[in-house]
Amino acid sequence: MILTQTWALTVAAYRELNAKKLFWVTLALSVVVVAVFASLGISDVGITILHWEIEVPGLNRETLPPDQFYLSTFVSLGIGVWLTWIATALALVSTCGTIPDLVQEGSVETMLSRPISRVRLLLTKYSLGLLFVAFQVLIFSAGSVLVFGIRAGVWEPRIFLAVPIVVLFYSYLFSICALVGLLTRSTIAALLVTALAWFGLFLANTADEMLLGFQKVAEARVELRQQRLHLEEGMATTELRRRLEESQTLPEDWAPTPAELDESSPSVVLWREQVEESQSNAESLEFWHDVAVWVKLVLPKTAETIALLDRELIDPERITVSQARENDRPRDDDERAMMLGAERTQAALRERSLAWVLGTSFAFEAFILGICCVIFARKDY
């Protein structure tokens, strides 16, 4: 009985999506994106597009092997642009009417007349909306695996991790869409509110990453300025010792006081002031970043969820020859602080636990779906 009911709901959901044509439009676009992906390649002098070759200094098969080229392209463009933004937007347009259509007058009475509980009916319709997204991502991932195997000679089954990861990411948004659709019975309202929520999550994530980046740069600047201060203090100490030895007034176990160092070297005063200024700035940024993290605690982690695929596919310790040469170039303290801050920011983001990324996001989604179930179970239709 349960399987028969679920199959009937699945067929009905497919017919609704098929009637909107967006199901096939999104599927066709996924195939086109895979074809574009397959047209790209890397040669001994640069990037290739079909039979055209574009020379890119520092980018070739030696600095970036074909497997790493396709992995980075898949993550940055296939996942970061197509699945995360464009395909998700199309999926929202396609599925945002799932719950509003369910509770429309004339439709909900027919559904509730069947021998199925309200909660199971709602969750089944919700799951079928996610199934649509899973199928689209599965087609795209399968095509990408073929591209890897044919073009790079490497079969990379880990690409199929995109299916659960992208579906999880979409489910956070779809839960909001379901709640708004249930409350308003309006497809347009569900779509607009979900789009606004998506934009709000994007702003929260951007604020988190920017503040974290600024904090790490400030901390790196403190370290570099402290090193410079220690160097200046050492030079000042050596000069003071030389003077005392010349005057034959050097006491045993002599050590200069901070006041003596400041008086003997203006550079020490300058660098001590800069260290204190940097420490104050770093502490302020740490406070505001902590605020951003606490705000994000109760929100779904959309960007971090997508980044889980990047963690699995891209090795952060892999570095190309061109990058190594660039890193060997001399830099001033500000440039070094920016470089160190960027590296530590990425490391901190990658070290965020699954409990933080998925646990809090699941809690948010479960809370929203719980509200949906309570409303749908108790409301008179």
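Residues numbered from 1 in each chain as written. Predicted model: local features only at pLDDT ≥ 70, side-chain atom pairs only at ≥ 80, totals over all residues. Heavy atoms only, no water.

Peer 1: Before we go on, may I ask you to explain the nonpolar core in this structure?
Peer 2: One broad rule of soluble globular proteins: the nonpolar side chains tend to lie buried together. Counting 70 residues, the largest nonpolar core has Phe-74 and Leu-83 as its most contacted members. With residues up to four places along the chain from it excluded, the contact list for Leu-83 reads Gly-78, Thr-88, Val-137, Phe-140 and Val-166. Membership of the second largest hydrophobic core comes to eight residues, among which are Ala-236, Leu-240, Trp-254 and Trp-271. (Core = buried A, V, L, I, M, F, W, Y, C linked by side-chain atoms within 4.5 Å. Buried < 20%, exposed > 50% of the residue type's maximum accessible area, 1.4 Å probe, protein only. Contact = heavy atoms within 4.5 Å.)

Peer 1: Please explain the packing of aromatic side chains as it appears in this structure.
Peer 2: Between two aromatic rings, the relevant description is the distance of the centres plus the angle of the planes. Using the criterion set out here, one finds 14 aromatic pairs in the structure. What links up through ring pairs into an aromatic cluster is the set Phe-37, Phe-69, Tyr-70, Phe-74, Phe-140 and Phe-148. Positioned over the ring face of Trp-356 is Lys-301, at 4.7 Å from the centre of the ring. (Phe/Tyr/Trp six-rings, centres within 6.5 Å; stacked < 30°, edge-to-face > 60°. Lys NZ or Arg CZ within 6 Å of the ring centre and 35° of its normal.)

Peer 1: How do you make sense of the side chain of Ser-171 when you look at a structure like this?
Peer 2: Assignment of secondary structure puts Ser-171 in helix H7 (residues 162-184). The class for Ser-171 is buried, based on a relative accessible area of 3%. (Helix = DSSP H or I, 4+ residues; strand = E, 2+ residues; numbered from the N terminus.)

Peer 1: Is there a simple way to think about the pattern of salt bridges in this case?
Peer 2: A pair can form between side chains of opposite charge whenever their charged atoms are brought close. Applying the stated criterion across every chain, the model contains 11 salt bridges. As a salt-bridge pair, Lys-216 and Glu-219 come within 3.8 Å of each other at their nearest N and O atoms. Of the two residues, Lys-216 and Glu-219 both sit in helix H8 (residues 187-246), three residues apart, roughly one turn of that helix. With its nearest N and O atoms 3.4 Å apart, the salt bridge here joins Asp-334 to Arg-221. In this pair, Asp-334 is assigned in helix H13 (residues 333-350) and Arg-221 in helix H8, connecting sequence segments 113 residues apart. Exposure remark for Asp-334: the relative accessible area of 40% places this residue in the partly exposed category. Three or more residues joined by partner-sharing salt bridges are found here, namely Asp-208, Lys-296, Glu-304 and Arg-352. (Salt bridge = Lys/Arg side-chain N within 4 Å of Asp/Glu carboxyl O.)

Peer 1: Would you take a moment to explain unusual backbone geometry for this structure?
Peer 2: Backbone geometry follows two general trends: most residues other than glycine have a negative phi, and most peptide bonds adopt the trans configuration. The residue Arg-185 is not glycine, and still its phi comes out positive at about 60°. Residue class for Arg-185 comes out partly exposed when judged on its relative accessible area of 24%.

Peer 1: What exactly am I supposed to notice about the state of the cysteines here?
Peer 2: One way to say it: the disulfide is the covalent bond shared by the sulfur atoms of two cysteines. Taken as a whole and assessed by the stated rule, the structure comprises zero disulfides. Cysteine Cys-96 shares no disulfide, and the gap to the nearest cysteine sulfur, in Cys-177, comes to 5.3 Å. Free cysteine Cys-372: the closest other cysteine sulfur is in Cys-373, separated by 6.8 Å. (Disulfide = S-S within 2.5 Å.)

Peer 1: I tried to follow the environment of Leu-128 on my own but got confused; where do I start?
Peer 2: Mapped onto the elements of the fold, Leu-128 is located in helix H6 (residues 118-152). Leu-128 sits 33 residues away from Thr-95 along the chain, and the two C-alpha atoms are 9.3 Å apart.

Peer 1: Is there a simple way to explain the sheet that holds strand S2 (residues 46-49) in this structure?
Peer 2: Sheet strands line up and pair through hydrogen bonds in the backbone, either parallel or antiparallel. Taken together, three strands build an open sheet; the order of strands is S1-S2-S3 and the sheet is antiparallel. Both outer strands of the open sheet, strand S1 (40-42) and strand S3 (52-55), are each paired with one neighbouring strand and no more. Strand-to-strand twist in this sheet, taken as the mean axis angle between neighbours without regard to direction, amounts to 25°. Note: S1 against S2, three bridges, orientation antiparallel. Each bridged residue has a counterpart across the sheet, and for Ile-42 the counterpart in S2 is Ile-47. Sheet strands touched by helix H2 (residues 22-39): S1 and S2. Its angle to S1, the strand with the most contacts, is close to 25°. (Pairing = 2+ DSSP bridges. Axes fitted to C-alpha atoms, helices over the stretch in contact; angles between N-to-C directions.)

Peer 1: Looking at this model, I keep getting lost on a nonpolar patch on the surface. Mind explaining?
Peer 2: On the surface, Leu-77, Val-81, Trp-85, Ile-86, Phe-199, Phe-202 and Leu-203 cluster together into a nonpolar patch covering about 640 Å² of accessible area. If you list the elements that add at least two residues to the nonpolar patch, you get helix H3 (66-95) and H8. Residue contributions to the nonpolar patch peak at four residues, all from H3. With respect to the element layout, Leu-203 can be found in helix H8. For Leu-203, a relative accessible area of 43% translates into the label partly exposed. (Patch = residues over 30% accessible without salt bridge, like charges linked within 9 Å, V, L, I, M, F, W, Y side chains within 5 Å. Areas by Shrake-Rupley, 256 points an atom, 1.4 Å probe, with all protein chains shown as cover.)

Peer 1: Whenever I open this one, the pairing of S2 confuses me. Can you help?
Peer 2: Consecutive side chains of a regular strand alternate in pointing toward one face of the sheet and then the other. The hairpin formed by S1 and S2 contains three residues between the paired strands. Pairing of S2 with S3, which is carried by four bridges, proceeds in the antiparallel orientation. Bridged to Ile-49 within S3 is Trp-52. Connecting S2 to the next strand, S3, in antiparallel fashion are two residues, including Leu-50 with a positive phi near 55°.

Peer 1: Mind showing me how you'd approach the packing of H3 against helix H11 (residues 302-313) here?
Peer 2: Working note: a packed helix pair is described by the angle between its axes plus the distance between those axes. At their nearest, the axes of H3 and H11 sit 11 Å apart, and the two run at 170° to each other. Taken together, the axis directions place H3 and H11 in an arrangement best described as roughly antiparallel. Only Ile-306, Leu-309, Asp-310 and Leu-313 of H11 make contact with H3, whose side of the interface consists of Leu-71, Phe-74, Val-75, Ile-79 and Thr-84. Looking at the contact of H3 with H11, its residues break down into seven nonpolar, one polar and one charged. (Parallel < 35°, antiparallel > 145°, perpendicular 65-115°, else oblique. Nonpolar A, V, L, I, M, F, W, Y, C, P; charged D, E, K, R; others polar.)

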